[in-house]
Amino acid sequence: MFDIRSSIINQKKYKVFYAIIPFLALFIALFIGGVLIFFAGINPWKAYNYMLQSIFGNIRLFSEVFTHFVPLVFCALSFAVAYKGGFFNVGGEGQLYFGALTATLAGVYIQGLPAFIHIPLVLLTGFIGGAFWCWIAGILKIKLGADEILNTIMLSYLAILLINFVVMYFLKPANSYISQSEKIAKSAYFPKLIPHTQINLGVILSLLTVIIIYYFLYRSPYGYQIRAIGENSDAANYAGMNILKGTMTVIIISGGLAGLAGASMLMGTQYRLTPAFSPGYGFEGIGAAVMARNNPWGIILTAFLFALLRVGAGAMQRGVGVPLPISWTIEGIIMILITGSEYLSNKFSTNLIGGRA
Amino acid sequence: MKKSKVFLRVFVLAFAILMIFSTLAMTAPLKIAIILPHAITSEGWTKSGFDGLMKAKEDFDIETSYQENVSEGELKGALRGYIAEGYDLIIVHEMGYNDPTLEVAEESPDTMFAITYGFKAADNVAVTSGTNWQANSLAGAVAGLMTKSNKVGFIISNDSPVAHNFLNAGFIYGAKRINPKAEVITTFVGSWSDVVKGKELAKAMIKQGVDVIYSQCGVVNRAVIEVCEEAGIWAIGAVEDMSYVAPQTVIANALAPTEYLVYGVIKEMVEGTLKGGRVVKGIKDGAEEITFNPLLKDKLPENGEEKIMKLRQEIVDGDITLEQMQEELNKQNIKF
């Protein structure tokens, strides 16, 4: 009796510990980053102060955070869904690019539609594009047993180069010297929620998607099946679940979400496809998902944090000349600490409650 | 009564101090920023632009800031950041960022913008550009002059319309002009900083029999020159004087320092003459040039330098234009 109670108490403690870890990691990373900034010859206090001031002191600058937040949420969800279903999709970047390509086609070449039809249409084509690119890696895994980590990451580079080629030789207006597609139709622009800021429909869509994915994964029977497959596909098979169908669904949703990231960037901020379209949201999304332990609600926080760091890195560089690599180092340290803490906390819990958590 | 007088005095004093500070703020130095597509350590294009800003900082009373490694997705945020911080002139050092910059410039008509090597300007957007072809065609001419195998190599960073219509056309024209038998092999690295790939491409060229290589590709330039040094063939430096990298290998330098353009824009801004619009500067204005490595001048063939200088003079006089060159190449059925 006493044993069970103490283990429950420990589990509660353990949960608190679990929740604190990311914040602890953030503070340690900021501290180490501060030391690095100090050695770069800049007052770290001034740098961080400037960073906070420039982000939160001005609504227009604050709204820039959302230009990074929206694609990061989609990319992180993309990784999280796949991870829960036992598929390791590290090619979000490529799927983002391919989704952006198909969305561009629908945005540029379909003209004259009202916005309430055009926006969902472009989003849908973006979803299909990303899903298709992920499906290639998926079908290779299912039919041939090819490793999806390798294939998704290779397909990423393929997609980036392919978009480079397509933009240059097919999408570029004939009289332009700059390698970029034409602008998408105005009817496919995300309407701005607050004028003169970057807060647009994409923010609502990304948050809605988080809710949908949460209910799908944790509250629907099909989501339960998918999680069961991800945990132990043999057991799921024994329980009579259709493994192939489940995995395929996961692949399509995961790729589609990354494609939506591309479409939302296109419709929310950039409006045209260029060869260097994404600054690595696909890869950073993986970080955000891992940090949130693949929990959709957590992803909102971590994606926001990563977006803040991105805007903050730029602000620190502009204002006090902190070199960009230092800001990247801070981000890297957060990642290392989080993954490291996962190992440590697992060990900690094993010692404490005999590996039952 | 006395107390209120003290208050009055303090108030007046405070007001005076405030006035002094506000006039100081009004005569505060111009705030000038540059947005760079790659790291400032990236030799050639990016570093040269950054050097222009640093040089201007020494010469004029200005406050400067830079943001490096700004990708397409972060550009608008960086621009808006500078606008919010009250910068007077924001220089965007990448031609591909032309349209997004114009869009942001429309939002804030009081701020001045400049784009190096851009194509489209506006009332508050000044475009300052080199010709993209004059120095390159002279580099081609030098390559045509020096080759013995009649095969010359040209390494370009990204496959783009500018690369084809300006850089490559100029280089091929120059090479053919001096040496009609010369065959030009052009390859694209696809990056400004992929040193390993650049080296591999240079080695592959050398295997094909190329004996002069001109690399116009940021950090890769240095690596290509090193490969040329190992293989014992000629190299031509780009953008900046690269002779110091391999004094016995770099025969000439096709200079097109973006430093000059950036500095020029800032100078005009300080003098108050900067206006929106596109200005193209070439050899005539001192924005581009061909220089020979003084250590290797005796290695040039007879009358070699005169031939190059004659072509240079034709370009300066306007006897050769880009359109003529392209037409000429089309007539000869040469793809560029």
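Residues numbered from 1 in each chain as written. Chains lettered and ligands numbered in written order. Predicted model: local features only at pLDDT ≥ 70, side-chain atom pairs only at ≥ 80, totals over all residues. Heavy atoms only, no water.

> Looking at this structure, how should I read the interface of chain A and chain B?
Interfaces are often sized by the accessible area lost when the parts come together. At the junction of the two partners, chain A supplies 33 residues and chain B supplies 33 residues. Taken together, the two surfaces of chain A and chain B that pack against each other cover about 2,600 Å², and 50% of this comes from carbon and sulfur. Among the residues chain A hides against chain B, the three largest losses belong to Tyr-177, Ile-178 and Arg-318 of chain A. Together they make up 28% of the total. Applying the counting criterion to the chain A and chain B interface returns six salt bridges. (Contact = heavy atoms within 4.5 Å. Buried area = accessible area lost by both parts, 1.4 Å probe. Salt bridge = Lys/Arg side-chain N within 4 Å of Asp/Glu carboxyl O.)

> Looking at this structure, how should I read the domain arrangement of chain A?
Residue and element names in this part refer to chain A. Split into domains, chain A comes out as domain 1 (1–40 + 323–357) and domain 2 (68–320). Each of domain 1 and domain 2 has a C-alpha centre, and these two points are 28 Å apart. Contacts between domain 1 and domain 2 engage 14 residues on the former and eleven residues on the latter. With both chains or domains summed, domain 1 and domain 2 bury close to 1,200 Å², and 72% of this area falls on carbon and sulfur atoms. Joining domain 1 to domain 2, the criterion identifies zero salt bridges. Counting every contact that joins domain 1 to domain 2 gives zero residue pairs in polar contact (both at pLDDT 80 or more). (Domains from an automatic or database assignment. Polar contact = N/O pair within 3.5 Å; in protein donor to acceptor, adjacent residues only side chain to side chain.)

> Looking at this structure, how should I read the side chain of Ser-71 of chain B?
Residue placement: Ser-71 of chain B occurs in the loop between strand 2 (62–67) and helix 3 (72–84). Judged by relative accessible area, which is 16%, Ser-71 of chain B ranks as buried. When neighbours within four sequence positions are excluded, Ser-71 of chain B is seen to be in contact with Pro-279 of chain A together with Tyr-97 of chain B. (Helix = DSSP H or I, 4+ residues; strand = E, 2+ residues; numbered from the N terminus. Buried < 20%, exposed > 50% of the residue type's maximum accessible area, 1.4 Å probe, protein only.)

> What is the right way to look at the nonpolar core in this model?
Generally speaking, soluble globular proteins have nonpolar side chains that are buried together. Residues and elements named next belong to chain A. One finds Ile-37, Ile-184, Leu-257, Met-267, Leu-273, Phe-277 and Ile-334 to be the most contacted residues of the largest nonpolar core, which totals 91 residues. Among the elements that take part in this core, helix 3 (residues 59–84) stands out by supplying 14 residues, more than any other. Structurally, this core is a two-domain feature, drawing no fewer than three residues from each of domain 1 (1–40 + 323–357) and domain 2 (68–320). Contact partners of Met-267, with chain neighbours within four places excluded, come to Ile-119, Val-122, Leu-123, Ile-184, Ala-188, Tyr-189 and Phe-190. (Core = buried A, V, L, I, M, F, W, Y, C linked by side-chain atoms within 4.5 Å.)

> Could you clarify how one ought to interpret a nonpolar patch on the surface in this entry?
A surface patch of nonpolar side chains, amounting to about 960 Å² of accessible area, comprises Val-16, Ile-20, Leu-24, Ile-28, Phe-31, Ile-32, Val-35, Leu-36, Phe-38 and Phe-39 of chain A. Relative to the helices and strands, Val-35 of chain A resides in helix 1 (residues 2–39). (Patch = residues over 30% accessible without salt bridge, like charges linked within 9 Å, V, L, I, M, F, W, Y side chains within 5 Å. Areas by Shrake-Rupley, 256 points an atom, 1.4 Å probe, with all protein chains shown as cover.)

> Even after reading the chapter, I still don't get the packing of helix 5 (residues 134–146) of chain B against helix 10 (residues 304–317) of chain B, so can you show me in this structure?
Helix packing geometry: the angle between the two helix axes and the distance between the axes. Residue and element names in this part refer to chain B. It is at 10 Å that the axes of helix 5 and helix 10 come closest, and there the two elements cross at 155 degrees. Judged by the angle between their axes, helix 5 and helix 10 are roughly antiparallel. Helix 10 is crossed by helix 5, and the crossing has right-handed handedness. Where helix 5 approaches helix 10, its residues Gln-134, Ser-137, Leu-138, Ala-141, Val-142 and Leu-145 are matched on the opposing element by Gly-304, Lys-307, Ile-308, Leu-311, Arg-312 and Ile-315. In terms of residue class, the contact of helix 5 with helix 10 is made up of seven nonpolar, three polar and two charged. (Axes fitted to C-alpha atoms, helices over the stretch in contact; angles between N-to-C directions. Parallel < 35°, antiparallel > 145°, perpendicular 65-115°, else oblique. Left-handed = near helix turned anticlockwise from the far one by under 90°. Nonpolar A, V, L, I, M, F, W, Y, C, P; charged D, E, K, R; others polar.)

> Would you take a moment to explain the sheet that holds strand 12 (residues 289–292) of chain B for this structure?
Whether parallel or antiparallel, the strands of a sheet pair through hydrogen bonds between backbone atoms. All names here are of chain B. Strand order in the open sheet formed by six strands is 7-6-8-9-10-12, and the pairing between neighbours is mixed. With partners counted over all chains shown, the strands left at the sheet margins are strand 7 (183–188) and strand 12, one partner each. Averaged over all adjacent pairs, the angle separating strand axes in this sheet is 20 degrees, with direction ignored. In terms of strand pairing, strand 9 (residues 234–239) meets strand 10 (residues 250–255) through five bridges, oriented parallel. Along strand 10, the bridge assignment pairs Ala-238 with Ala-254. Each of strand 6 (151–156), strand 8 (212–216), strand 9 and strand 10 touches helix 8 (residues 220–231); the most contacted strand, strand 8, lies at about 170 degrees to it. (Pairing = 2+ DSSP bridges.)

> Sorry, what's going on with the domain arrangement of chain B here?
All names here are of chain B. Along its sequence, chain B is carved into domain 1 (25–130 + 259–284) and domain 2 (134–256 + 302–331). Just the C-alpha atoms count here: the centres of domain 1 and domain 2 sit 29 Å apart. Facing the 14 residues of domain 1 at the interface are 15 residues of domain 2. Surface buried jointly by domain 1 and domain 2 totals about 1,200 Å² across both partners, of which 61% is contributed by carbon and sulfur atoms. Taken together, the links from domain 1 to domain 2 amount to zero salt bridges. Of the residues that constitute the side of domain 1 that touches domain 2, the class distribution is five nonpolar, five polar and four charged.

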